Amino acid sequence: MAEQWINPAAWSPKLVDQLMGRGWKTFQLDLEGGLLSDDIVGWVIAFVQARGAELVARVPADQVPLMRQLARHGVGRFLVPGCADASEVEALARGLRAQAPSARIIAMIESRSLMREIAQIARVEGIAGVHFGLFDLCCEMGIARWRDVD
């Protein structure tokens, strides 16, 4: 069954509580852009965990040390953009799980070539699923209106 989570653009206690009141149980912490301070990241992790919700951290594939640090602080799932191929996804999963055995990766599929490797990616130990990066996929396919793609 497909899972849904939400990425609150503005992390505030009131917003998270309102979203949880509407049924959201999983939240995304987007660290791909690097716009959040360490204090905010720490607050988000503690706040979400204190409410019994789950966090999916979006961390680029080249930021394994950050993933390991977040895993030590209780983050268990990572949405990972920026992998070139299935072997990179596998190496990333193996490296992360060596430090955090329960950590799971959701591989972000952002290219046609990676789409062709989904079956191989799905067999990698430590992969919890895939997520399609529609913006990058549509750009590669020459589709300008990526929000309206069928």
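Residues numbered from 1 in each chain as written. Predicted model: local features only at pLDDT ≥ 70, side-chain atom pairs only at ≥ 80, totals over all residues. Heavy atoms only, no water.

**Student:** Sorry if this is basic, but what is going on with the overall build of the protein here?
**Tutor:** Within the protein, the secondary structure is distributed over seven helices and five strands. Each helix and strand of the protein, ordered N terminal to C terminal, gives the series α-β-α-β-α-β-α-β-α-α-β-α. The C-alpha atoms of the protein give a radius of gyration of 16 Å, which matches the 15 Å a tight globule of 150 residues would have. Across its three principal directions, the C-alpha atoms of the protein cover 40 × 40 × 30 Å. (Helix = DSSP H or I, 4+ residues; strand = E, 2+ residues; numbered from the N terminus. Rg over C-alpha atoms; globule rule 2.2 N^0.38 Å.)

**Student:** Which parts of the structure should I look at to understand the pattern of salt bridges?
**Tutor:** Across all of its chains, the model carries six salt bridges by this definition. Where aspartate 30 meets arginine 58, a salt bridge forms, and the shortest distance between an N and an O atom there is 3.8 Å. A residue pair is termed long-range when its members are at least 10 positions apart, and aspartate 30 in strand S1 (residues 26–30) and arginine 58 in strand S2 (residues 54–58) qualify at 28 residues. Classification of aspartate 30 as partly exposed rests on a relative accessible area of 26%. (Salt bridge = Lys/Arg side-chain N within 4 Å of Asp/Glu carboxyl O. Buried < 20%, exposed > 50% of the residue type's maximum accessible area, 1.4 Å probe, protein only.)

**Student:** Honestly, a nonpolar patch on the surface in this entry has me stumped. Any pointers?
**Tutor:** Taken together, Met115, Val130, Phe132, Leu134, Met141 and Ile143 make up a surface patch of nonpolar side chains, about 430 Å² in accessible area. Breaking the nonpolar patch down by element, the ones donating at least two residues are strand S5 (127–132) and helix H7 (134–141). With respect to the element layout, valine 130 can be found in strand S5. A relative accessible area of 33% means that valine 130 is categorised as partly exposed. (Patch = residues over 30% accessible without salt bridge, like charges linked within 9 Å, V, L, I, M, F, W, Y side chains within 5 Å. Areas by Shrake-Rupley, 256 points an atom, 1.4 Å probe, with all protein chains shown as cover.)

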